[in-house]
Amino acid sequence: MAKRLIPLLDRVLVEKLTAPNKSVGGILLPESATSKYNEGKVLAVGQGRRTLTNGEIIPVAVKEGDKVLLPDYGGTQLKLDGKDYFLFRDEELLGVLTS
């Protein structure tokens, strides 16, 4: 049975993307060149954070399917169905990558 995780509040479920091991020209890249690959794909987002003054919901800045830039450290690592995922707060994500 496949599990589905729905994050709470302003948390974002991210799957880290793996770095390519070949360049466009076909040259094999060393592992040291690909170790700092900090991109991820947003799989699920929470509803948002509530304000302290009146309880209104502040929506999350990213949506499912976005490619995001991740910090070097942080996030909560978890394993679902044998795959590694990370939970980040919305404010911890560094940016959204567009092409």
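If you're wondering where the values come from, they're calculated on a predicted model, not measured in any experiment.

Draft legend 1. Broad picture of the nonpolar core. Counting residues in hydrophobic clusters, the biggest one holds 10 residues: V12, V14, V42, V60, V62, V68, L70, F86, F88 and L93. Only β1 (11–16) and β7 (83–89) provide two or more residues apiece to this core. Not counting residues within four places of it along the chain, the set of residues in contact with V62 comprises V12, V42, V45, V68, D90, L93 and V96. One finds L13, L78, L80 and L87 within the second-largest nonpolar core, a separate group that totals 6 residues.

Draft legend 2. Just the environment of V68, in detail. With respect to the helices and strands, the residue V68 is situated in strand β5 (residues 67–69). We classify V68 as buried; its relative accessible area is 0%. The sequence separation of V68 and G95 amounts to 27 residues, and the corresponding C-alpha distance is 5.6 Å. V68 has contacts with V14, N38, E39, G40, V42, V62, L93, G95, V96 and L97, leaving out every residue within four places of it along the chain.

Draft legend 3. Up close: the pattern of salt bridges. All told, the structure shown has 4 salt bridges when counted by the stated rule. D10 is the partner of R89 in a salt bridge, and the nearest nitrogen-oxygen pair spans 3.0 Å. Note that R89 is positioned in strand β7 and D10 in the segment before β1, a separation of 79 residues in sequence. One continuous salt-bridge network, built from bridges that share partners, spans D10, R49 and R89.

Definitions and limits used
- Residues numbered from 1 in each chain as written.
- Predicted model: local features only at pLDDT ≥ 70, side-chain atom pairs only at ≥ 80, totals over all residues.
- Heavy atoms only, no water.
- Core = buried A, V, L, I, M, F, W, Y, C linked by side-chain atoms within 4.5 Å.
- Buried < 20%, exposed > 50% of the residue type's maximum accessible area, 1.4 Å probe, protein only.
- Helix = DSSP H or I, 4+ residues; strand = E, 2+ residues; numbered from the N terminus.
- Contact = heavy atoms within 4.5 Å.
- Salt bridge = Lys/Arg side-chain N within 4 Å of Asp/Glu carboxyl O.

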